[in-house]
Amino acid sequence: MRRALAIGLAGVLFLAVVVLVTTLVRRDGGDGERVRAPQNGRSPSSERAPEAESTEDQDLPSVERSARAFLSGYLPLIYGRDGATPAKLRDASQSLVAELERDRGRVPPGQAALTPRIMRVAVVRETTGRALASVQIDDRSATPYVLNLRLEDTLDGWLVTRIGP
Amino acid sequence: MRRPSWLIALAVAGVASLVIALPVSILLLLAGDGNCGTGAVAPQPSASAQQGIPADYLKAYMSAGEQFGLPWTLLAAIGSIETDHGRLKAPGVLSGTNSAGAAGPMQFLAATFAAYAVDGNNDGQTSIYDPQDAIPSAAKYLRASGAPGDLHKAIFAYNHAEWYVQKVLANMRAYDAAGPGSLQAPSSSAAGCEDLGGLAGTGDGTFKIAPGANKPGQNLTPELIAFVRRMASFYDGTLVITTGTNHDQYSLSGNVSDHFSGNAADFGMVLNGGSDDGPVGDRIAAAAFLAAGLPRDAAVSRARAGGAQTVLTDGLRVQVIWKSDVGGNHHNHVHVGIARR
């Protein structure tokens, strides 16, 4: 009986340690997924690089052009420039224009005094027919900020359909 | 057949140990790292905050933040955008109203101020133009609008514009001494607080090139080196390039490989301490997307999803291949290639 108890206790401890260690290892960035044979960190010789570009990605320059066309009207709008209106936005969907016509928010007086500059436009395909343009804007205030534009491929070309987040 | 008693005891012990250990493990997993977003209510002011915010305003922001359980950086970010902390010479800041009917350093509408006014300096009056009153009033309004639990909702209530929300979040990060100074805005809500960990943006930009990664006399281009350095600034750890120019010249399509021209780097899982399709590779891929200019949430989700993905940015075509068989085995390494457009 004493032997059985000892073995039982050992089993308890062993299993508890196994479960806890497994848990902690996962939290530390290890993984329990399939592991292939070590290759000393080298790529396999069959690896090839730029040919993997999707044909859909070839449309990304059009996405970028549309995003920049939209921004050429949107930045004057949010910085309170005279004459800027949602109706004048280029490459924007009708629903987005209507939404901005309804409520585009205030232009704070501090904002109107600034001049925005586009620092970078990064575009990436999200799904078929949808793309994200992440725009970094610097207006020399506290810090640059990022504006995310969602675009869709329509009969009228790539149009901005949503702003952020 | 009679089972040995020790076998029964072992089985009981096994079940008991699982009952004890499993809840502990689940709690540990659910606990997470807890370091995402703008959670700190009392962040320390950054150098930018100390230099850019007048002392009396900084004190008022901090006091109101503490009183209403909000990060003071939220109030300072709004005060900065609205009126440059009351320093702007424009109608409606020190007196009167502007064309939108807003007034004071925090640009309240009169009706909103009346509903949320706080006598911050205890002088028996509430003035929309007095920062001692206007700042705690803004804090009260933001608290009632969802902050600090849902910052996006609260900031959007203050001004119905997405650009405004993003700019406030960016300014918050800039005013927080713990912020990495990154252009990536903090998560605006607990729900958006998705992070892989190890992407705090505190990396020092250093990386290693493994022996044999490059062919003798064929080095990586300065442009790729600069890109990898930027990746490393987002990666908490040391990145190791395991294959650079030491690679086949031609791709399957007959093009000259980005590797051969020195414009691609592979980050093998073995030397980077990861495993096939594992979280280390996710972090490396996410660092590449961040370096390419994608926002944090998008970078993390794209890294997790894997595949052959292209980002156009800064006149560059950046290609990241991970967790994919496209173009070869990309389960045991992350491929990052760039090309000038």
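Residues numbered from 1 in each chain as written. Chains lettered and ligands numbered in written order. Predicted model: local features only at pLDDT ≥ 70, side-chain atom pairs only at ≥ 80, totals over all residues.

1. Here's the deal with the overall build of chain B
(1) Moving on: A tally of helices and strands in chain B yields 11 helices and 8 strands.
(2) Moving on: Taken over 341 residues, chain B has a buried fraction of 53%.
(3) Moving on: Look at the contacts in chain B between residues 6 or more apart in sequence, and 60% of them connect residues 24 or more apart. (Helix = DSSP H or I, 4+ residues; strand = E, 2+ residues; numbered from the N terminus. Buried ≥ 20, exposed ≤ 12 C-beta atoms within 10 Å, placed from the backbone. Contact = placed C-beta atoms within 7 Å.)

2. Some words on the overall build of chain A
(1) Moving on: Check the secondary structure of chain A and you find 4 helices and 4 strands.
(2) Moving on: Each helix and strand of chain A, ordered N terminal to C terminal, gives the series α-α-α-α-β-β-β-β.
(3) Moving on: Taken over 165 residues, chain A has a buried fraction of 39%.
(4) Moving on: In chain A, the proportion of contacts linking residues at least 24 apart, taken out of those at least 6 apart, comes to 46%.

3. Some remarks on the pairing of strand β5 (residues 264–268) of chain B
Residue and element names in this part refer to chain B.
(1) Moving on: With 5 of 5 residues buried, β5 is to be regarded as a mostly interior element.
(2) Moving on: Taken together, the 5 bridges between β5 and strand β8 (residues 333–340) define a ladder with antiparallel strand orientation. Note that in β8 the partner of Asp266 across the bridge is His335. (Pairing = 2+ DSSP bridges.)

4. Re the sheet that holds strand β7 (residues 316–322) of chain B
(1) Moving on: The sheet built from 8 strands is open, its strands ordered β4(A)-β3(A)-β2(A)-β1(A)-β6(B)-β7(B)-β8(B)-β5(B) with antiparallel pairing. For this open sheet the edge positions go to β4 (157–163) of chain A together with β5 of chain B, each flanked by a neighbour on one side alone. The mean angle between the axes of side-by-side strands here comes to 20 degrees, regardless of whether they run parallel or antiparallel.
(2) Moving on: By the bridge criterion, 6 bridges tie strand β3 (residues 145–154) of chain A to β4(A) in an arrangement that is antiparallel. Residue pairing for β4(A): A:Arg150 is matched across the bridge by A:Arg162.
(3) Moving on: On the sheet, helix α8 (residues 162–175) of chain B packs against β3 and β4 of chain A and is oriented at approximately 145 degrees with respect to β3(A). (Axes fitted to C-alpha atoms, helices over the stretch in contact; angles between N-to-C directions.)

5. Regarding the packing of helix α3 (residues 55–68) of chain B against helix α6 (residues 131–144) of chain B
Residues and elements named next belong to chain B.
(1) Moving on: Taken N-terminus to C-terminus, the directions of α3 and α6 make an angle of 35 degrees; their axes are 9 Å apart at the nearest point. Remark: the crossing between α3 and α6 carries right-handed chirality. In contact with Tyr57, Ala60, Tyr61, Ala64, Gly65, Gln67 and Phe68 of α3, α6 contributes Pro131, Gln132, Ile135, Pro136, Ala139, Lys140 and Arg143. (Left-handed = near helix turned anticlockwise from the far one by under 90°.)

6. Quick word on unusual backbone geometry
(1) Moving on: Put simply, B:Ala147 and B:Pro148 share a cis peptide bond, and its omega is 0 degrees.
(2) Moving on: Take B:Pro148: it is sitting in the loop between α6 and α7 (151–158).
(3) Moving on: Although it is not a glycine, A:Arg140 sits at a positive phi angle of roughly 60 degrees.
(4) Moving on: Classification of A:Arg140 as exposed rests on a count of 10 C-beta atoms within 10 Å.
(5) Moving on: Unusually for a residue other than glycine, B:Asp277 sits at a positive phi of about 55 degrees.

7. Re the confidence of the model for chain B
Residue and element names in this part refer to chain B.
(1) Moving on: Residues with a pLDDT of 70 or more make up 80% of chain B, whose mean pLDDT is 85.
(2) Moving on: Ranking the elements of chain B by mean pLDDT puts helix α1 (residues 5–31) last, at 47, and α6 first, at 98.
(3) Moving on: Considering only residues more than four positions removed or in separate chains, one finds that residues 18–39, a stretch of pLDDT under 50, has 26 contacts.
(4) Moving on: Every residue in residues 181–194 scores below 50 in pLDDT, and together they form 37 contacts with partners more than four places removed in sequence or on other chains.
(5) Moving on: Interface confidence for the predicted complex, given as ipTM, is 0.78, next to a pTM of 0.77. (pLDDT = per-residue confidence, 0-100.)

8. With respect to the environment of B:Ser137
Residues and elements named next belong to chain B.
(1) Moving on: Its place among the elements puts Ser137 in helix α6.
(2) Moving on: Take Ser137: there are 27 C-beta atoms within 10 Å of it, and that puts it in the buried class.
(3) Moving on: Taking the C-alpha atoms as reference points, Ser137 and Ala117, separated by 20 residues in sequence, lie 4.9 Å from one another.
(4) Moving on: Not counting residues within four places of it along the chain, the set of residues in contact with Ser137 comprises Phe108, Phe113, Tyr116, Ala117 and Val118.

9. Remarks on α6(B)
Residue and element names in this part refer to chain B.
(1) Moving on: Over its 14 residues, α6 extends 19 Å from the first C-alpha to the last, a length consistent with the 20 Å expected when each residue adds 1.5 Å.
(2) Moving on: With 11 of 14 residues buried, α6 is to be regarded as a mostly interior element.
(3) Moving on: When we look at burial in α6, the residues that qualify are Pro131, Gln132, Asp133, Ala134, Ile135, Pro136, Ser137, Ala138, Ala139, Tyr141 and Leu142.
(4) Moving on: On its buried face, α6 is in contact with α3, α4 (72–83), β2 (108–109), α5 (110–116) and α7.
(5) Moving on: Looking one or two places after α6, you find Gly146, whose phi comes out positive at around 125 degrees. (Expected span 1.5 Å × (residues − 1).)

10. Here we look at the pairing of strand β2 (residues 130–138) of chain A
Regular strands place side chains that alternate from one sheet face to the opposite one.
All names here are of chain A.
(1) Moving on: Most of β2 is tucked away: 7 of the 9 residues are buried.
(2) Moving on: Here 9 bridges tie strand β1 (residues 117–127) to β2, and the two strands are oriented antiparallel to one another. Bridging across to β2, Val121 finds its partner in Val135.
(3) Moving on: In the sheet, β2 pairs with β3 via 8 bridges, with the strands oriented antiparallel. Counted as the bridge partner of Arg130 is Glu152 from β3.
(4) Moving on: Where β2 folds back onto β3 in an antiparallel hairpin, the turn is made up of 6 residues, including Arg140, whose phi is positive at roughly 60 degrees.

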